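Reading the structure
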Amino acid sequence: MTANSLTAELWAMATLPASARDMFGDTLGSLSAVAIDPQTWTQKRGAWSATVFTLPDRGFNTPAKDEYSDYPGRVHAFTLRIGKKGDARLEYLRSQYLRDADGAQTTGLDPGKATKQLFKQALPAGDRGLGKSVPRRLSLDAEGLARQADGSFYVSDEFACAIYFFDASAQMRGVILPPPSIAPRKRKRPHFTSHDRD
């Protein structure tokens with residue numbers, strides 16, 4: 001490595017069984033984001049450990065068949081352990097449901113053109129999926145996670161192209177919206193569907 005170059009390599013990798021379940025009984029699913037709590041990093045005899053937080057995606061869905069999951073958004077916590085030789089493992093600790101400003105759970109259902117008013121803003125609300133209607137619940141397709149030292153955190157959402165702020169108890173306390181010029185709209189109205197045909 002020289003002063004003008006930087007190299008990186010994979011140092012460790014951990015996996016989870018596909019059958020692993022969270023405390024709510026759901027499979028852990030795919031992970032859209034991972035955030036390490038830097039305050040928990042410890043080293044002992046050449047081995048490292050830390051608490052990591054992960055976001056699963058919005059649950060099973062097949063947009064081509066108009067099938068979606070009423071999967072509540074959540075954050076998982078794990079202990080990450082990395083040994084001297086790069087051997088790593090994840091140990092599941094707990095999960096928290098994400099709740100909107102009204103205290104309601106979020107959903108992975110496609111919002112279509114349905115909205116819910118939060119923070120005086122029209123935000124996506126799941127209204128269809130798996131043959132049932134769940135109106136006025138915030139639809140969340142969580143993709144990014146950034147944690148603060150006090151345990152609060154930000155979650156980016158693919159439906160609204162927004163960033164939601166949650167307190168340490170996982171309740172939403174604010175929203176950062178995109179500029180109006182790139183906000184999801186159709187015929188000048190909010191429209192948050194994941195369907196190409198809508």
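Our structure's up above, just so we're on the same page.
Because the structure is a prediction, the values reported are computed rather than measured.

Turning to the overall build of the chain, a few remarks are in order. What the chain contains, in helices and strands, is zero helices and 13 strands. The N-to-C order of helical and strand elements in the chain reads β-β-β-β-β-β-β-β-β-β-β-β-β. Burial analysis of the chain (198 residues in total) assigns 39% to the buried set. Taking as baseline every contact in the chain between residues at least 6 positions apart, the subset at least 24 positions apart corresponds to 49%. On the chain, roughly 11,400 Å² of surface is accessible, and the fraction owed to carbon and sulfur atoms is 51%.

For the structure on display, the rule yields nine salt bridges. Between aspartate 26 and arginine 74 there is a salt bridge, with its nearest N and O atoms 2.8 Å apart. Placement of the pair is aspartate 26 in the segment before β1 (31-36) and arginine 74 in strand β4 (residues 74-82), with a sequence separation of 48 residues. Arginine 74 sits in the buried class, given a relative accessible area of 1%. A salt bridge links glutamate 91 to arginine 89; its shortest N-O distance comes to 3.1 Å.

What follows is about unusual backbone geometry. Positive phi, close to 50°, is recorded for arginine 45, a residue that is not glycine. Relative to the helices and strands, arginine 45 is located in the loop between β2 (42-44) and β3 (47-56). The phi dihedral of cysteine 161 is positive, around 55°, even though this residue is not glycine. Counting through the fold element by element, cysteine 161 comes out in the loop between β9 (153-157) and β10 (162-166). You can call cysteine 161 partly exposed: its relative accessible area is 43%.

Tallied over the entire structure, the rule returns one cavity of 30 Å³ or more. When its volume is computed, the largest cavity comes out at roughly 50 Å³. Lining the largest cavity, in full, are Leu55, Pro56, Asp57, Arg58, Tyr71, Gly73, Arg74, Leu140, Asp141 and Ala142.

Moving on: the packing of aromatic side chains. Working definition: an aromatic ring pair is given by the centre-to-centre distance plus the angle between the planes. All chains considered together, the criterion is met by five aromatic pairs. Aromatic side chains phenylalanine 24 and tyrosine 97 sit 3.8 Å apart centroid to centroid with 10° between the ring planes, which places their arrangement in the stacked category. Separated by 73 residues along the polypeptide, phenylalanine 24 in the segment before β1 and tyrosine 97 in strand β5 (residues 88-97) bring together distant segments of the chain. Since its relative accessible area comes to 31%, phenylalanine 24 is described here as partly exposed. Seen from their ring centres, tyrosine 154 and phenylalanine 165 are 4.9 Å apart, and the 45° between their planes marks the pair as tilted. Highlighted residues: tyrosine 154 in strand β9 and phenylalanine 165 in strand β10, separated in sequence by 11 residues. Here the basic side chain of arginine 74 rests over the ring of tyrosine 71, its NZ or CZ set 3.9 Å away from the ring centre. Positioned above the aromatic ring of phenylalanine 53 is the side chain of arginine 147, whose terminal nitrogen or guanidinium carbon lies 3.6 Å from the ring centre.

About the cut-offs
- Residues numbered from 1 in each chain as written.
- Predicted model: local features only at pLDDT ≥ 70, side-chain atom pairs only at ≥ 80, totals over all residues.
- Heavy atoms only, no water.
- Helix = DSSP H or I, 4+ residues; strand = E, 2+ residues; numbered from the N terminus.
- Buried < 20%, exposed > 50% of the residue type's maximum accessible area, 1.4 Å probe, protein only.
- Contact = heavy atoms within 4.5 Å.
- Areas by Shrake-Rupley, 256 points an atom, 1.4 Å probe, with all protein chains shown as cover.
- Salt bridge = Lys/Arg side-chain N within 4 Å of Asp/Glu carboxyl O.
- 1 Å grid on protein atoms, 1.4 Å probe; cavity = no way out; pocket = protein on both sides within 12 Å on 5 of 7 lines; lining within 4 Å.
- Points joined across faces, edges and corners; volume = space filled by probe spheres on them.
- Phe/Tyr/Trp six-rings, centres within 6.5 Å; stacked < 30°, edge-to-face > 60°.
- Lys NZ or Arg CZ within 6 Å of the ring centre and 35° of its normal.

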